[in-house]
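This is what each chain is made of:
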Protein chains: 2
Amino acid sequence: MADDKKLTPRAEDFSAWYNEVVLRAELADYSPVRGCMVIRPEGYGIWERMQRALDDMFKATGHRNAYFPLFIPESFLQKEAEHVEGFAPEVAVVTHGGGRKLEEPLVIRPTSETIIYAMFAKWVQSYRDLPLLYNQWANVVRWEMRTRLFLRTMEFLWQEGHTAHATHEEAKEETLRMLGVYRDFMEGWMAMPVVTGRKSDSERFAGALRTYSCEAMMQDNRALQAGTSHDLGQNFSRAFDLKFQSEEGTEEYAWNTSWGVSTRLIGALVMTHGDDIGLRTPPLLAPTELVIVPIYRKDEERDRVLQAARGIVDRLAEWDRRNPARLRVHLDAREGIKPGAKYYEWELRGVPLRLEVGPRDLEQNQGVLVRRDTREKRAVSLDSLGEEVAEVLQLMQADMLEAARERREANSVRGPISYDQFRELMAGAGAFVYAGWCGSAACEAEVKAETKATIRCLPDEEFRSAETPTHCLRCGGPSTDEALWARAY
Amino acid sequence: MADDKKLTPRAEDFSAWYNEVVLRAELADYSPVRGCMVIRPEGYGIWERMQRALDDMFKATGHRNAYFPLFIPESFLQKEAEHVEGFAPEVAVVTHGGGRKLEEPLVIRPTSETIIYAMFAKWVQSYRDLPLLYNQWANVVRWEMRTRLFLRTMEFLWQEGHTAHATHEEAKEETLRMLGVYRDFMEGWMAMPVVTGRKSDSERFAGALRTYSCEAMMQDNRALQAGTSHDLGQNFSRAFDLKFQSEEGTEEYAWNTSWGVSTRLIGALVMTHGDDIGLRTPPLLAPTELVIVPIYRKDEERDRVLQAARGIVDRLAEWDRRNPARLRVHLDAREGIKPGAKYYEWELRGVPLRLEVGPRDLEQNQGVLVRRDTREKRAVSLDSLGEEVAEVLQLMQADMLEAARERREANSVRGPISYDQFRELMAGAGAFVYAGWCGSAACEAEVKAETKATIRCLPDEEFRSAETPTHCLRCGGPSTDEALWARAY
């Protein structure tokens, strides 16, 4: 049950606001195990809808699901040099099983490249067996000391795509195709605009040739890396002897890609769309799209209003059968809770639409429809409720994306900026800053040490500024790349 | 790619046959980690369909999904005395994380009663918060020394339902409701008939008051426990202080239930329906229901036949849009593989229907439809293909259940049986034997030691014999219960 006091306003303490929304909207809770969270039904319902949408997109692009073991022999992790360096410090290790000490400790997967490519090597003989286009929905564990609900937890849920191709060209195409799928999902379903681009070497996935990411701007102007797609080259195929006989009869190493998004996206959703009242869920991802709240003052009104409300649910279900919209409707018929308290609770939880129906509304064969995003109210006829609801939901989905895009653009800085101005900005309100970079890891590291900002990505063409920056933000030397700089989660 | 040699016949070596089907139909593979398996896309596709069907049934009965941590503090497991005794010997233990030794070792969940009821205790204050009806799809780990693909692996995928109720009556109803859901799923979707009933005390879940199960007969006449549902009483609520204030204002412990099925069901499916040619998948669970194999001898036939085959796929998709059947169709247009080799491969994989289309068929606007279960062939007009396919699939689903039920009944023994006859039967062909039991654990243990058979359940009313057994199978004393005896997986 929701707590009745107000949320800390975002402007006062964004981080406190975030935790309060997650806990009080019952998306998640802390668990007795340090660093692990419990995803409660309200949060998991959003994740299920995310999964369904992504899974359909993966299948439409030719991928199939499989499941690989949770445990990875410690020796596997060590076969790819960069990979072990990146992940060894943060793994959980099983040393005992069935009451006995294990001969070789088992690592709990922090990601599954090693075990999956070891299996691919067993299955692939010839170019005819390629490409392999796999995806896995799974839990992974990375030992984190400073955790945040959804954003950074020791265990999290994710999907990891893993593919093997006969040529680098094909692998590169796959890497970018899946980056595009992620972007389509984040913009189309989450109503969260993202900047896509390539990571600098220091932010690359441990073991990849190139990493690409989707970067979203949260309401505190910090960036959140929402999904990554990696061109792994032949690094893992060489480490795991993933070879195939080519059409010409030669023996070649395969080319791999991997890509993933996680339950972190739920945190991104909250920080993109939440307001001081609570969560605002984009309709396409909302477990409930419309909540109906019956209003009555006297006992003699009660039966009439409740009966009418049930009738509305039935009519919407009937309308649903004739239309593809598949409305998700909930009637809040709880006794002993005032309508105002119900409004508060459903607004906190982010349900997109509310329909209030009282005795006077019913006399006029109408209800009052309230949008969660704008809180705009209007009377709608019960005869055309299905159409009206479907239309408003569609509009909300588009409006929420547009509002988020406008907010991002209003907080993005392009064009000449001095390093002092940049430092001030990063110490204050924050922003997405598009500025030059000389390409040196030293400049990048100094900016990070001095401002906590990092290169989020070297943005794709469409996100680059009209005027290409000429000088490095840090050293003032010639710029080789336009970079998106920001503090990040 | 499937291996071309024949499978070991079931009658020769059932166990070898089973492993060959699982590996060669590419349902699963061994992994480099001892005791862990890889579920390949063909197997995972069946699991996804099982998940979807069960999940819909769980939601229709008011349950919601959530996710609880993989890790359980070792101390939690010890709070319920029977539970720790049952599970402690088979847990995997994490002793190191992030490069350091942990203060308290973490156990990888073998099942989640402890962590879930600890969270429930945090969430429940009053009777108004009840019932809690939760389900979780997750991986669990039980350290097994003798593993078998799908049937017994160290890590497996499952769902575990966990509920809390205000009264024991309600909890008992829930326990039996979910047993019924499992039975409906197993018979309706898997075409696998089951006997439901209560477990004897020695086969009860560690920590439950009562355990109920669904028992299916495999083709070697051994029983497979396919799903269990537990009335946990107040055992866990007392251990985890899961209390609530009742409507009368008193403080009470909640009543819990838990219930689960796992990827073991895929093994059950293979051993229920497979034949000497390979897998036979019940249509409702088949990732592909119909495979179209184009036949051509000469190059000039090739284009015409392939084009027609693509036309058939399009027409079925079009038919699909007008009907709720949602056909899952695959066109096998691979080059360089003869039709016969394709038939072999799809029969091995258990695809329910095959449509062969060659030049002569096309002249007559028809194709040859072949059922996987009976291998019956018949010509069907391409004009009514959608209807024909949907009808045959429905028929197959029913026929497969009926065939499995007849097989089970033919191998069930009711009525007076001497212990010598019973021993002989269990040492030979095996059977489901309905016989008396005096209720003593000693008799039960002796039967197990002497014949490897166990009491699978004390069957529900509808499965009991017309003539109630009067004497205990083992000691000859008065029978207190009719029991279903069988060797089991």
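## Here we look at the relation of the copies chain B and chain A
And then number 1: Each copy superposes on the other: chain B lies on chain A with an RMSD of 0.0 Å after a rotation of 180° and an axial shift of 0.0 Å. Taken together, the rotation angle and the small translation identify this as a two-fold axis. For chain B, the residue whose C-alpha comes nearest the rotation axis is Val 94 of chain B, separated from it by 2.1 Å.

## Quick notes on the domain arrangement of chain A
Where the parts come together, the accessible area they lose is often given as the size of the interface.
And then number 1: Entries for chain A in the domain assignment read domain 1 (14–273), domain 2 (283–407) and domain 3 (412–487).
And then number 2: Taking only C-alpha atoms into account, the centre of domain 2 of chain A sits 46 Å from that of domain 3 of chain A.

## Remarks on unusual backbone geometry
And then number 1: The peptide bond linking Leu 130 of chain A to Pro 131 of chain A adopts the cis configuration, its omega dihedral lying at -5°.
And then number 2: Counting through the fold element by element, Pro 131 of chain A comes out in the loop between α5 (113–123) and β7 (132–141).
And then number 3: Of note, the phi angle at Asn 365 of chain A is positive, near 55°, even though the residue is not glycine.
And then number 4: Mapped onto the elements of the fold, Asn 365 of chain A is located in the loop between α11 (359–363) and β18 (366–371).
And then number 5: Positive phi values are uncommon outside glycine, yet Asp 241 of chain B reaches one of about 55°.
And then number 6: Within the secondary structure, Asp 241 of chain B sits in the loop between α7 (235–239) and β12 (243–245).

## With respect to the nonpolar core
Across soluble globular proteins, nonpolar side chains show a tendency to be buried alongside one another.
And then number 1: One finds Phe 71 and Ile 108 of chain A together with Phe 71 and Ile 108 of chain B to be the most contacted residues of the largest nonpolar core, which totals 78 residues.
And then number 2: Apart from the residues within four sequence positions on either side, Phe 71 of chain B is in contact with Val 33, Cys 36, Ala 92, Ile 108, Val 141, Trp 143 and Met 154 of chain A together with Val 94, Leu 106, Val 107, Ile 108 and Ile 115 of chain B.

## Overview of the interface of chain B and chain A
And then number 1: At the interface, 56 residues of chain B touch 56 residues of chain A.
And then number 2: The interface formed by chain B and chain A holds six salt bridges in total.
And then number 3: A salt bridge links Asp 29 of chain B to Lys 122 of chain A, with the shortest nitrogen-to-oxygen separation between them at 3.0 Å.
And then number 4: Taken together, the links from chain B to chain A amount to 27 residue pairs in polar contact (both at pLDDT 80 or more).
And then number 5: Counting residues per element, the side of chain B that touches chain A draws most heavily on helix α2 (residues 41–60) of chain B, which supplies seven residues.
And then number 6: In this sheet, strand β5 (residues 92–97) of chain B lies alongside strand β5 (residues 92–97) of chain A in antiparallel orientation, the contact comprising five bridges. Within β5 of chain B, the residue paired with Val 94 of chain A across the bridge is Val 94 of chain B.

Thresholds, definitions, all that
Residues numbered from 1 in each chain as written. Chains lettered and ligands numbered in written order. Predicted model: local features only at pLDDT ≥ 70, side-chain atom pairs only at ≥ 80, totals over all residues. Heavy atoms only, no water. Least-squares fit on C-alpha atoms with pLDDT ≥ 70 in both. Domains from an automatic or database assignment. Helix = DSSP H or I, 4+ residues; strand = E, 2+ residues; numbered from the N terminus. Core = buried A, V, L, I, M, F, W, Y, C linked by side-chain atoms within 4.5 Å. Buried < 20%, exposed > 50% of the residue type's maximum accessible area, 1.4 Å probe, protein only. Contact = heavy atoms within 4.5 Å. Salt bridge = Lys/Arg side-chain N within 4 Å of Asp/Glu carboxyl O. Polar contact = N/O pair within 3.5 Å; in protein donor to acceptor, adjacent residues only side chain to side chain. Pairing = 2+ DSSP bridges.

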